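# Examining the three-dimensional arrangement
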Amino acid sequence: MQKLAIFASGNGSNFEAIAEACACGSIPAQVALLVCDKPGAYVLERARKYGVETFVFNPKDYPSKAAYEKEIADRLDATGVGLVCLAGYMRILSPELLGRYGGRIINIHPSLLPAFKGAHAIREAFESGARVYGVTVHRVDETLDGGAIIAQRGLHYEGRDIAELERMIHELEHELYVDVINGLLEGGVSREGEPDISDNYK
Ligand code: GRF
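Heads up: these notes are all about the structure in this document. Please read all numbers here as calculations on a predicted model, not as lab measurements.

Turning next to the site of the ligand. In the neighbourhood of the ligand, the contacting residues comprise Asn11, Gly12, Ser13, Asn14, Gly88, Ile108, His109, Pro110, His170 and Glu173. Asn11 places a side-chain nitrogen or oxygen 3.1 Å from an oxygen atom of the ligand. Across the complex, the protein chains shield 85% of the 360 Å² of accessible surface that the ligand would expose by itself. Those elements giving two or more residues to the shell around the ligand turn out to be helix 1 (13–23), strand 5 (105–109) and helix 6 (162–187). Here the shell around the ligand is composed, by residue class, of two nonpolar, seven polar and one charged.

Right, here's the structure in full:
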């Protein structure tokens, strides 16, 4: 069975959506490793609940980013991970990790990229007066929320309640991430130029 790793720094609702989909068989894979750079993050509770092995580290304990990323890549190798899903991992990956796992690392972002990159995407979109919002899954490169777009899904929202909008966007993220992971697992995750599985604005 294909093995997934998830990288997360915080709450972990996307982690849980993926772990639950694997547990109930709607993704034919196993979440084999959670990588977390924030000891104490709530996502670790969720990993315990699903019995997922964790690698938790504090970047300050390493001499450099290359050093902790080497350890991450070694653990991915040792676990036999085929696909890495970033889900609220608040760090840019460096060439150390991209060199070894590039092409097999994807990320989810709560906007219709390339609009609203960064950590405050939902608030910035809301404050811009947008009426169409959405989420994106993309391949990961060395830039912030860059990399080729794999799939997007949008939603119309004309209300003015940001908490409600956030809930809707996170729900959409959970659905899209599960669908994209399934699509990639079916199509082969490491192939270059694989068919576009996007279903924009469904
Ligand atoms: C999500 O909005 C994701 O798109 C972004 O970070 C957030 C993580 O949320 N990259 P959670 O930790 O999965 O609940």
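Moving on to the packing of helix 1 against helix 2 (residues 43–50). Their axes nearest at 9 Å, the elements helix 1 and helix 2 cross at an angle of 10 degrees. When the axes of helix 1 and helix 2 are compared, the pair comes out roughly parallel. Contacts from Ser13, Phe15, Glu16, Ala19, Glu20 and Ala23 in helix 1 reach Val43, Arg46, Ala47, Lys49 and Tyr50 in helix 2. For the contact of helix 1 with helix 2, a count of residues per class yields six nonpolar, one polar and four charged.

Spatially, 3-2-1-4-5-6-7 is the arrangement adopted by the seven strands of the open sheet, whose pairing is mixed. Strands with a single pairing partner mark the edges of an open sheet, and in this sheet they are strand 3 (54–56) and strand 7 (149–156). When the angles between neighbouring strand axes are averaged without regard to direction, this sheet yields 20 degrees. Summarising the sheet, strand 1 (residues 2–8) and strand 2 (residues 29–36) pair through seven bridges and their orientation is parallel.

Before going further, it helps to spend a moment on unusual backbone geometry. With omega at 10 degrees, the peptide bond leading from Leu113 into Pro114 counts as cis. Mapped onto the elements, Pro114 comes out in the loop between strand 5 and helix 5 (121–127). Phi at Asp145 takes a positive value of approximately 50 degrees, unusual for a residue other than glycine. What makes Asp145 buried here is its relative accessible area of 13%.

What the rule picks out here adds up to six aromatic pairs. A ring pair is formed by Phe7 and Tyr89, whose centres lie 5.2 Å apart and whose planes are at 70 degrees; its orientation type is edge-to-face. Of this pair, Phe7 sits in strand 1 while Tyr89 sits in the loop between strand 4 (83–86) and helix 4 (95–101), and the two are 82 residues apart along the sequence. Look at Phe7 and you get buried, because its relative accessible area is 1%. With centroids separated by 5.0 Å and ring planes inclined at 35 degrees, the aromatic side chains of Phe57 and Tyr68 adopt a geometry described as tilted. Within this pair, whereas Phe57 is found in the loop between strand 3 and helix 3 (65–79), its partner Tyr68 is found in helix 3, the two being separated by eleven residues in sequence. Side by side, Phe57 and Tyr68 carry an identical accessibility label, which is buried. The rings of Phe55, Phe57, Tyr62 and Tyr68 are connected pair by pair, giving a single aromatic cluster. Sitting over the face of the ring of Phe126, Arg160 holds its NZ or CZ atom 4.1 Å from the ring centroid.

The rules behind the values
- Residues numbered from 1 in each chain as written.
- Predicted model: local features only at pLDDT ≥ 70, side-chain atom pairs only at ≥ 80, totals over all residues.
- Heavy atoms only, no water.
- Near = heavy atom within 4 Å.
- Polar contact = N/O pair within 3.5 Å; in protein donor to acceptor, adjacent residues only side chain to side chain.
- Areas by Shrake-Rupley, 256 points an atom, 1.4 Å probe, with all protein chains shown as cover.
- Helix = DSSP H or I, 4+ residues; strand = E, 2+ residues; numbered from the N terminus.
- Nonpolar A, V, L, I, M, F, W, Y, C, P; charged D, E, K, R; others polar.
- Axes fitted to C-alpha atoms, helices over the stretch in contact; angles between N-to-C directions.
- Parallel < 35°, antiparallel > 145°, perpendicular 65-115°, else oblique.
- Contact = heavy atoms within 4.5 Å.
- Pairing = 2+ DSSP bridges.
- Buried < 20%, exposed > 50% of the residue type's maximum accessible area, 1.4 Å probe, protein only.
- Phe/Tyr/Trp six-rings, centres within 6.5 Å; stacked < 30°, edge-to-face > 60°.
- Lys NZ or Arg CZ within 6 Å of the ring centre and 35° of its normal.

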